[in-house]
Amino acid sequence: TKQGLKRDKKDLLDLIKKGEISEYFERAKRCMEDWWKAMEDKRGIHHNERDLQHKISRSNSNNTPYIVLDLEWNQPNSPRVMVKSPVSLKGEIIQIGAVKLDENLEIIDTFKIMVKPKYYRTMHKKVSRLTSITDDDLQYGFPFKQALSYFNSWCTEDCIFLTWSGDDVRMLRSNLLMHKVKYYSIPKSYDIQKLFSIQISKYQRQYSLLQALEIV
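Residues numbered from 1 in each chain as written. Predicted model: local features only at pLDDT ≥ 70, side-chain atom pairs only at ≥ 80, totals over all residues. Heavy atoms only, no water.

Across its full length, the chain holds 9 helices and 5 strands. Along the chain, from the amino end to the carboxyl end, the secondary structure elements read α-α-α-β-β-β-α-α-α-β-α-β-α-α. Across the 216 residues that make up the chain, the buried fraction comes to 47%. The long-range fraction of contacts in the chain, counting pairs at least 24 apart against all pairs at least 6 apart in sequence, stands at 75%. (Helix = DSSP H or I, 4+ residues; strand = E, 2+ residues; numbered from the N terminus. Buried < 20%, exposed > 50% of the residue type's maximum accessible area, 1.4 Å probe, protein only. Contact = heavy atoms within 4.5 Å.)

Attention shifts here to the packing of aromatic side chains. Within the structure shown, the criterion is met by 6 aromatic pairs. Aromatic pair F142 and Y150: ring centres 5.6 Å apart, planes at 70°, arrangement edge-to-face. Side by side, F142 and Y150 carry an identical accessibility label, which is buried. An angle of 35° between the planes, with centres 6.0 Å apart, marks the rings of F151 and F161 as tilted. One end of the pair, F151, is in helix α6 (residues 144-154); the other, F161, is in strand β4 (residues 160-163), and 10 residues separate them in sequence. Through a chain of ring-to-ring contacts, three or more aromatic side chains come together here, namely F111, F151, W154 and F161. Sitting over the ring of W154, K100 keeps its end group 4.7 Å from the ring centre. (Phe/Tyr/Trp six-rings, centres within 6.5 Å; stacked < 30°, edge-to-face > 60°. Lys NZ or Arg CZ within 6 Å of the ring centre and 35° of its normal.)

Among the nonpolar cores identified, the biggest contains 25 residues, and I96, F151, F161 and L172 are the most heavily contacted of them. Residues contacting I96, with those up to four places away along its chain left out, are L69, D70, L71, F111, K112, I113, V115, A147, L148 and F151. By size, the runner-up hydrophobic cluster in this structure holds 16 residues, among which are I160, L162, W164 and L209. (Core = buried A, V, L, I, M, F, W, Y, C linked by side-chain atoms within 4.5 Å.)

On to the sheet that holds strand β2 (residues 92-101), then. Sheet architecture is open: 5 strands sit in the order β3-β2-β1-β4-β5, paired in mixed fashion. Each of the sheet's edge strands pairs with one partner strand only, and the pair in question is β3 (107-114) and β5 (189-191). Put simply, the sheet's adjacent strands are angled 25° from each other on average, direction ignored. Of the strand pairs in this sheet, strand β1 (residues 66-74) and β4 are connected by 3 bridges, and their pairing is parallel. Residue pairing across strands places I67 opposite F161, the latter belonging to β4. In this fold helix α8 (residues 192-201) packs onto β4 and β5, with an angle of close to 45° to the strand it touches most, β5. (Pairing = 2+ DSSP bridges. Axes fitted to C-alpha atoms, helices over the stretch in contact; angles between N-to-C directions.)

Take a look at the structure:
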């Protein structure tokens, strides 16, 4: 219910204010580990439109407050080819990945879809090495607006995005502007990496996801 979602938001904010989020990370650790494995498994990528529609209708039977968002984006192969209008496009989204969590941070469902790039169509070597995404993989993607529409339909109403760093939300915002998408409003988002840094080192350093999993 919406009342329950508001309560969950308040609980998360209370934890953040008190600095008592160790329990949150302990419960989230299992989710992150499972999500890491899912992202490495290309068999989990949704290519078929019928399967996507079925997944969306099945998944939205539950109200889910939290969605862990993990985007992958390609980069221009040189500064000369960077698109600079209507915004400076430092990265073009090529994969949308997400995990739905219930109130107890248990995994309910996962979502992963390839996005066919419009501007940076050849994989940057460094990005390809880090993500294992190839030029051939991009051919299976959906256009950005269509992929976003599927993702938006999969997300539940009044959800909260959880990301590791603020880059995902910034990249999503710039891609929305580049593709002139006006109907989509980014949900309330929390940078879990920043919260982890506050809890563990009082802003003294920034931790990678793998480092955080080893600490928790």
